[in-house]
Amino acid sequence: MNRIAENFFDLAVMAKYLPSIIDGVWVTIHLAVLIVLSGLALGFVLAVVRAFQIRPVNWLIVLVVDVFRALPPIVIMIVFYFALPFVGISMSGFVVAWLSLTLVLASFAEEIFWTGILSVDRGQWEAARSTGLGFLQTLRDVVLPQAVRLTIPPLTNRTIVITKSTAIASVVAVQEILTQASAAQAFSANTTPLTMAAIAYLIIFFPLVVLSRWVESRFGWKR
Amino acid sequence: MEALIYNFFNLEILLKVHPLLLKGFWMTLQLCLLVVPLGIAGGLVVAVAYSFHVRWLNWLLIAYVDFFRSFPPLVLLILVFYGLPFIGLEVPSLIAVLIAFLLNTASYYGEIFRAGIESIGRGQREAARSTGLTGLQTMVYVVLPQAVRNVLPDLISNTLEVIKFTALASVVALPELLRMGRVAQGLTYNPTPLIAVALIYLALLWPIVRLLSRLERRTMAKR
């Protein structure tokens, strides 16, 4: 028991490295917020573009979305960070992490929004069009409001999973929580900083997980 | 264009490093064959235990599930990998990876199975019990088969995520596909192996992504 306290909950180590972990927390939150904003927006735009049913455009969207859903995020980040510079595209670790996870979230979000749009009955489209609404008006005022409600629970879950993946940014040298904790662990030869990282993630994400449960019961469909 | 081919699709390099990549591929496959069944078994235990509706037990199970859903899997992996030696448990990296992934995936699979079991009406259980089946038999022969069918898309989706997670094991030096790709890149100073790794993941996972898109559309349309 003493051993666990010494190696995982060493108060002196905690006090010493708290500031750097907190620095990491801000980077993680900054990165996560940017990813959520750009990822959801891009996903939404892609789904709306797809609704226009222009063949070649749709093929392109489906291709990109499939690729970013199939590849592990860590593989995407490593390719962006370690392979792209060889063909003249260099990005900082932060930009790589932001871009990779934005593309991943956008891909999942597009798929979810699109499924939502499809779930609105054809008759609704036809009825709206026959009252004289244009295509865009129908999409905006009739279809999307119904579609979006259906997409809230899966979107919440997916967004949480992907924002958690910001920990992978430690692989491309972003100074987020895990990077800070690993460095501190190496300096102090003690696991306590990793415990602190775990607690930091718990503080950030536990409320979100509980929120997702509530969202599920509020917006979810009883099967 | 030439630079692109030389750096990303260099056959000479690929020929040289393909034994490494092949080795990594087998490791990834083995990892999947261990992690996925372990996670499913763990998830089933969680969900079946939950279905007995013992109040204190259910609080405990929800706490367990939400706790591990709040952790980035990478953080859990690193904590287990670097933490276990400090409490005197020297384990090979494969075991550390399995422990971390079991904790993480069991909670996700558990949530899915729980939703599945709850989707089966009470009457089914009562009918099964009244024909003389025991509680366990009712669960195995009556409830679970229907429950699994109801949550099949979620199960496949989570399995896809779990397979993608295995790439995280590269961070703790487990010689799986991504790790081997990076080793090969280091040896040749050419990113072709990384591109090859990405393409292998794509070939492996794209069919699952396609299948999922179809299943999800079908279930959503049914609601």
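Student: How would you sum up the overall build of chain B? Please name residues and give values.
Tutor: The helix and strand inventory of chain B stands at 10 helices and 0 strands. Written out in order from the N terminus, the α and β elements of chain B read α-α-α-α-α-α-α-α-α-α. By principal-axis analysis of the C-alpha atoms, chain B measures approximately 70 × 50 × 25 Å. For chain B, the computed accessible surface area is about 10900 Å², with 69% contributed by carbon and sulfur atoms.

Student: Describe unusual backbone geometry, and please don't skip the residues or the numbers.
Tutor: All names here are of chain B. The phi dihedral of Ala 173 is positive, around 65°, even though this residue is not glycine. Inspection of the secondary structure puts Ala 173 in the loop between helix 8 (152-165) and helix 9 (177-188). For Tyr 189, which is not glycine, the phi torsion reads 50° and is therefore positive.

Student: Go over the pattern of salt bridges with me, naming the residues and quoting the values.
Tutor: Once their charged atoms are close, side chains differing in charge can pair, the charge on each being opposite to the other. Tallied over the full model, the rule gives 14 salt bridges over all chains. In this structure, A:Asp66 and B:Arg210 form a salt bridge, with 2.6 Å as the shortest nitrogen-oxygen distance. Of this pair, A:Asp66 sits in helix 3 (residues 55-70) while B:Arg210 sits in helix 10 (residues 192-222), on two different chains. A salt bridge links B:Arg114 to B:Glu118; the nearest nitrogen and oxygen atoms lie 3.3 Å apart. A residue pair is termed a helical-turn pair when its members lie 3 or 4 positions apart in one helix, as B:Arg114 and B:Glu118 do in helix 5 (residues 93-118) at 4 residues. Judged by its relative accessible area of 15%, B:Arg114 is buried. According to the relative accessible area criterion, B:Glu118 is partly exposed, its value standing at 46%.

Student: Help me get a handle on the packing of helix 7 (residues 135-150) of chain B against helix 8 of chain B, residues and values and all.
Tutor: All names here are of chain B. Where helix 7 meets helix 8, the axes come as close as 4 Å, and the angle between the chain directions of the two elements is 70°. In terms of orientation, helix 7 and helix 8 fall into the roughly perpendicular class. Of the residues in helix 8, those in contact with Val 148, Arg 149 and Asn 150 of helix 7 are Leu 152, Pro 153 and Leu 155. Looking at the contact of helix 7 with helix 8 residue by residue, the class counts come to 4 nonpolar, 1 polar and 1 charged.

Student: So, the interface of chain B and chain A: which residues are in play, and what are the values?
Tutor: Contact with chain B, which involves 54 residues of that partner, is made by 56 residues of chain A. Summed over both partners, the interface of chain B with chain A comes to about 5000 Å²; 69% of that surface belongs to carbon and sulfur atoms. For the pair chain B and chain A, the interface holds 4 salt bridges. The salt bridge partner of B:Glu161 is A:Arg158, with a shortest N-O separation of 3.2 Å. Elements represented by at least two residues in the side of chain B that touches chain A include exactly helix 1 (2-8), helix 3 (55-69), helix 4 (73-83), helix 5, helix 8, helix 9 and helix 10 of chain B. Of all the elements, helix 10 of chain B adds the most residues to the side of chain B that touches chain A, at 13 residues.

Student: Run through a nonpolar patch on the surface, naming residues and quoting values.
Tutor: Among the surface-exposed residues, A:Ile4, A:Phe9, A:Ile199, A:Ile203, B:Ile87 and B:Leu89 lie close enough to one another that they form a single nonpolar patch of about 510 Å² accessible area. The residue A:Ile203 is located in helix 9 (residues 192-219) in this model.

Student: Tell me about the packing of aromatic side chains, residues and numbers included.
Tutor: Applying the stated rule across the entire model yields 15 aromatic pairs over all chains. Aromatic side chains B:Phe68 and B:Phe71 sit 6.2 Å apart centroid to centroid with 40° between the ring planes, which places their arrangement in the tilted category. Grouping residues by exposure puts B:Phe68 and B:Phe71 together as buried. Cation over ring: A:Arg158 sits above A:Phe108, and NZ or CZ is 3.9 Å from the ring centre. Note that B:Arg114 overlies the ring of B:Tyr50, its terminal NZ or CZ placed 4.8 Å from the centroid.

Student: Go over the confidence of the model for chain B, please, and point to the residues and values.
Tutor: The pLDDT averaged across chain B works out to 91; a share of 98% of its residues lies at or above 70. ipTM for the predicted complex: 0.90, alongside a pTM of 0.91.

Student: Now, about helix 2 (residues 11-51) of chain B: what can you tell me, with residues and values included?
Tutor: All names here are of chain B. When the local axis directions of helix 2 are compared, the greatest deviation, roughly 55°, occurs at Val 17, which is followed within four positions by the proline Pro 19. The N-capping residue of helix 2, defined by a side-chain oxygen 3.2 Å from the backbone nitrogen of Glu 12, is Asn 10. Backbone geometry just downstream of helix 2 places His 53 in the positive-phi region, at approximately 55°.

Student: Break down helix 7 of chain B for me, with residues and values.
Tutor: Residues and elements named next belong to chain B. In this model helix 7 runs 21 Å from its N-terminal to its C-terminal C-alpha over 16 residues, within 8% of the 22 Å that 1.5 Å per residue would give. Along helix 7, the largest kink reaches about 45° and is centred on Val 143; proline Pro 145 follows within four residues of it. Along helix 7, the residues classified as buried are Thr 138, Met 139, Val 142, Val 143, Leu 144 and Ala 147. Residues of helix 7 that are buried in the fold lie against helix 2, helix 5 and helix 6 (122-130).

Student: Can you tell me about the packing of helix 2 (residues 11-51) of chain A against helix 5 (residues 93-119) of chain A, naming the residues and giving the values?
Tutor: Residue and element names in this part refer to chain A. Where helix 2 meets helix 5, the closest approach of the two axes is 6 Å, and the angle between their N-to-C directions is 40°. Taken as axis vectors, helix 2 and helix 5 run oblique relative to one another. The interaxial crossing formed by helix 2 with helix 5 has right-handed handedness. When grouped by side-chain class, the residues that make up the contact of helix 2 with helix 5 number 22 nonpolar, 5 polar and 3 charged.

About the criteria used
Residues numbered from 1 in each chain as written. Chains lettered and ligands numbered in written order. Predicted model: local features only at pLDDT ≥ 70, side-chain atom pairs only at ≥ 80, totals over all residues. Heavy atoms only, no water. Helix = DSSP H or I, 4+ residues; strand = E, 2+ residues; numbered from the N terminus. Areas by Shrake-Rupley, 256 points an atom, 1.4 Å probe, with all protein chains shown as cover. Salt bridge = Lys/Arg side-chain N within 4 Å of Asp/Glu carboxyl O. Buried < 20%, exposed > 50% of the residue type's maximum accessible area, 1.4 Å probe, protein only. Axes fitted to C-alpha atoms, helices over the stretch in contact; angles between N-to-C directions. Parallel < 35°, antiparallel > 145°, perpendicular 65-115°, else oblique. Contact = heavy atoms within 4.5 Å. Nonpolar A, V, L, I, M, F, W, Y, C, P; charged D, E, K, R; others polar. Buried area = accessible area lost by both parts, 1.4 Å probe. Patch = residues over 30% accessible without salt bridge, like charges linked within 9 Å, V, L, I, M, F, W, Y side chains within 5 Å. Phe/Tyr/Trp six-rings, centres within 6.5 Å; stacked < 30°, edge-to-face > 60°. Lys NZ or Arg CZ within 6 Å of the ring centre and 35° of its normal. pLDDT = per-residue confidence, 0-100. Bend = angle between axes of the 7 residues up to and from the residue. Polar contact = N/O pair within 3.5 Å; in protein donor to acceptor, adjacent residues only side chain to side chain. Expected span 1.5 Å × (residues − 1). Left-handed = near helix turned anticlockwise from the far one by under 90°.

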